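Secondary and tertiary structure notes
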Amino acid sequence: MSRWVQLPAHARDVADGRLPLGFRAAAAAAGLKPSGGLDVALLVCDAPGCVSAARFTRSGVLAAPVVVTRDRCRLDALRAVAANSGNANAATGRRGLDEAARMQGAAATVARAEVDRTAVASTGVIGVQLDGEKVVRGLLAASRELSPDGAAALSEAIRTTDAFEKRAELEVELSGGVVRLCAQAKGAGMISPAFATMLCFVETDAALAPETADLLLGVCVKRSFDRISVDGQLSTNDTAILMCSGASGVRVEPESDDEVRFGEALDALLRLIALLIVRDGEGAKRVGRVVVRGGHGDHVEAAARAVANSPLVKTALHGGDPNWGRIAQAVGAALPDTAPLPLDVAIEGVQLCTQGMALPHDAEALNAAVAGEEIEYVVGLPGDGFETEVFFSDLGYEYVRINAEYTT
């Protein structure tokens, strides 16, 4: 658990791999991954009245499964999700759309769900045609293994360059009883999401109205997946889906204390998953958090993104180098024609610059402070009223090696 994520008092980490009531999942090896590992997953909600919400990438180059799910599904009533790794089915033209539609139809058949309530998601190499025959066979095999304990298999099947699985299970106390809230995600590279992440599936057995599910997912995604960066690259396939079976019998009424409590738990869950993605940034050793405060909202956001995506800042983070000049450079580049900028910079609570002037500090103590796995940077801009944060991974030798050899 990161120091930057706090579970609310009414939520408990159970980490047992069990899905909420009403859900089953499984995975199969369909031959899409050269490794021969699990690469096709199926997630099914058995409750006919399942409620859902979804968010997708805003990339101008949309993968076929994103187009099919966004345009052909009832996004407030999804009952099944089919996902594959090893192939993104992106930049694949008409044939790619046809294969995504075939994947959707096959998943709906084996899940016994309506086609327009069946979502599809893919991740892997861009620009390679998806072998739909393999996916269909994989979905059929997975359907025979569907289980309430299928969260681990689902997590494994959507991994690509991920060094470890990203999933979490919580129990949440509400006024009507205890509900379960779970999530499975993947992502390690090509991460700078816009309202989603690489792939993330969230399930709960609480009963939510469609409007409540959509509101809470939207708010929590903006505070989690929209606040992270591994390499500043927006994926073609980002998808986040929340599904609510209602099988616990515990209802979350709109504008109630339970809505707040459930929202707090969902927020913590997604922030936890988001930080796992950053921590797994391809070859990463450390995670950074930049907090920027000031009186101009656009400037605050631009400065935070600039620091988080700066190769100079990220390499300094990798090396444990508290070079605050790189932070000043990134902020200045993001805010041209604002000189003289009275900038404040602190690293791990040590004030290094105030009003644009360097301050004396204990270099030895600061070097020790940035040797850990989580490093916090705080930037102050003129004025008050706005604050934002971005979590980011470092940039090291292993990231270059992985991406230099990604398709070879």
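To be clear, the structure that these remarks concern was listed above.
All figures in this text were calculated on a predicted structure; none of them were measured in a lab.

Quick notes on the overall build of the protein chain
The secondary structure content of the protein chain amounts to 11 helices and 19 strands. Radius of gyration (C-alpha) of the protein chain: 22 Å, near the 22 Å computed for a compact globule of 408 residues. C-alpha atoms of the protein chain, sized along the principal axes, occupy 65 × 55 × 35 Å. For the protein chain, buried positions account for 55% of its 408 residues. The contacts in the protein chain between residues at least 6 apart in sequence include a share of 80% that link residues at least 24 apart.

Some thoughts on the packing of aromatic side chains
Applying the stated rule across the entire model yields 2 aromatic pairs. Seen in terms of ring centroids, Trp4 and Phe391 are 5.7 Å apart; in terms of plane orientation they differ by 50 degrees. Their pairing is tilted. Highlighted residues: Trp4 in the segment before strand E1 (11-13) and Phe391 in strand E19 (residues 386-393), separated in sequence by 387 residues. On the numbers, 6.0 Å between centres and 25 degrees between planes, the contact of Tyr377 with Phe392 is stacked. Here Tyr377 is found in strand E18 (residues 374-380), whereas its partner Phe392 is found in strand E19, with 15 residues between them in sequence.

Observations concerning helix H2 (residues 93-111)
Its 19 residues give H2 an end-to-end C-alpha distance of 27 Å, which sits within 8% of 27 Å, the value for a rise of 1.5 Å per residue. Here H2 has its buried residues at Gly96, Glu99, Ala100, Met103, Gln104, Ala106, Ala107, Ala108 and Ala111. The inward-facing, buried residues of H2 abut strand E3 (40-45), helix H1 (64-72), strand E5 (80-85), strand E6 (118-123) and helix H3 (132-143). Residue Arg112 follows H2 closely and has a positive phi angle near 55 degrees.

Here's the deal with the pairing of strand E16 (residues 350-354)
Sheet topology note: the strand E15 (residues 344-347)/E16 ladder contains 3 bridges and is antiparallel. Each residue of the ladder has a partner; that of Val345, found in E16, is Cys353. Here E15 folds back onto E16 in antiparallel fashion, the turn holding 2 residues, of which Glu348 has a positive phi close to 50 degrees. Judged from the 2 bridges that link them, E16 and strand E17 (residues 357-358) form a sheet pairing that is antiparallel. Along E17, the bridge assignment pairs Cys353 with Ala358. Where E16 folds back on E17, the antiparallel hairpin that results is connected by 2 residues, among which Gln355 adopts a positive phi of roughly 55 degrees.

Concerning the side chain of Glu169
Here Glu169 shows up in strand E7 (residues 166-174). For Glu169, the side chain forms a polar contact with the main-chain nitrogen of Asp16, separated by 3.1 Å. Here Arg167 takes part through its side chain, which lies 2.8 Å from a polar atom of the side chain of Glu169. Look past the residues within four positions of Glu169 in its chain and what remains in contact with it is Arg12, Asp13, Val14, Ala15, Asp16, Gly17, Arg18, Ala151, Arg180, Leu181 and Cys182.

Section: the sheet that holds strand E8 (residues 177-186)
An order of E1-E7-E8-E9-E12-E4 is seen for the 6 strands of this open sheet, with the pairing classed as mixed. Each having just a single partner strand, E1 and strand E4 (51-56) make up the two edges of the open sheet. With direction set aside, neighbouring strand axes in the sheet form an average angle of 15 degrees. Two elements, E4 and strand E12 (residues 239-244), share 6 bridges in a ladder whose sense is antiparallel. The partner of Ala54 across the bridge, within E12, is Ile241. Against the sheet, helix H6 (residues 257-279) makes contact with E1, E7, E8, strand E9 (199-204) and E12, and its axis sits at roughly 165 degrees relative to E7, the strand it touches most.

As for the packing of H1 against H2
The geometry of H1 relative to H2 is characterised by a closest axis approach of 8 Å and an angle of 60 degrees between their N-to-C directions. Considering the angle they form, H1 stands oblique to H2. For H1 against H2, the interelement crossing comes out right-handed. From H1, Ala64, Pro65, Val67, Val68 and Arg72 reach across to H2, where they touch Gly96, Leu97, Ala100, Ala101 and Gln104. The residue makeup of the contact of H1 with H2, split by class, is 7 nonpolar, 2 polar and 1 charged.

Let's talk about the sheet that holds strand E11 (residues 228-229)
The sheet built from 7 strands is open, its strands ordered E11-E19-E14-E18-E15-E16-E17 with mixed pairing. Two strands lie at the open edges of the sheet, namely E11 and E17, each paired on one side alone. Sheet topology note: the E15/E18 ladder contains 4 bridges and is antiparallel. Of the residues in E18, the one forming a bridge with Val345 is Val379. Strands in contact with H6 are E11, strand E14 (287-294), E18 and E19; relative to E19, the strand with the most contacts, it is inclined by about 45 degrees. Contacting E15, E16, E17 and E18, helix H9 (residues 324-334) runs over the sheet at an angle of about 140 degrees to E15.

Describing unusual backbone geometry
Cis geometry is adopted by the peptide bond preceding Pro340, which originates at Ala339 and carries an omega value of -5 degrees. As for its position among the elements, Pro340 is in the loop between H9 and E15.

Comments concerning the environment of Val370
With respect to the helices and strands, the residue Val370 is situated in the loop between helix H10 (363-369) and E18. You can call Val370 buried: its relative accessible area is 4%. As a C-alpha pair, Val370 and Leu154 span 216 residues in sequence and 36 Å in three-dimensional space. Apart from the residues within four sequence positions on either side, Val370 is in contact with Arg286, Gly320, Pro322, Ile347 and Ile375.

Each value, and the rule that gives it
Residues numbered from 1 in each chain as written. Predicted model: local features only at pLDDT ≥ 70, side-chain atom pairs only at ≥ 80, totals over all residues. Heavy atoms only, no water. Helix = DSSP H or I, 4+ residues; strand = E, 2+ residues; numbered from the N terminus. Rg over C-alpha atoms; globule rule 2.2 N^0.38 Å. Buried < 20%, exposed > 50% of the residue type's maximum accessible area, 1.4 Å probe, protein only. Contact = heavy atoms within 4.5 Å. Phe/Tyr/Trp six-rings, centres within 6.5 Å; stacked < 30°, edge-to-face > 60°. Expected span 1.5 Å × (residues − 1). Pairing = 2+ DSSP bridges. Polar contact = N/O pair within 3.5 Å; in protein donor to acceptor, adjacent residues only side chain to side chain. Axes fitted to C-alpha atoms, helices over the stretch in contact; angles between N-to-C directions. Parallel < 35°, antiparallel > 145°, perpendicular 65-115°, else oblique. Left-handed = near helix turned anticlockwise from the far one by under 90°. Nonpolar A, V, L, I, M, F, W, Y, C, P; charged D, E, K, R; others polar.

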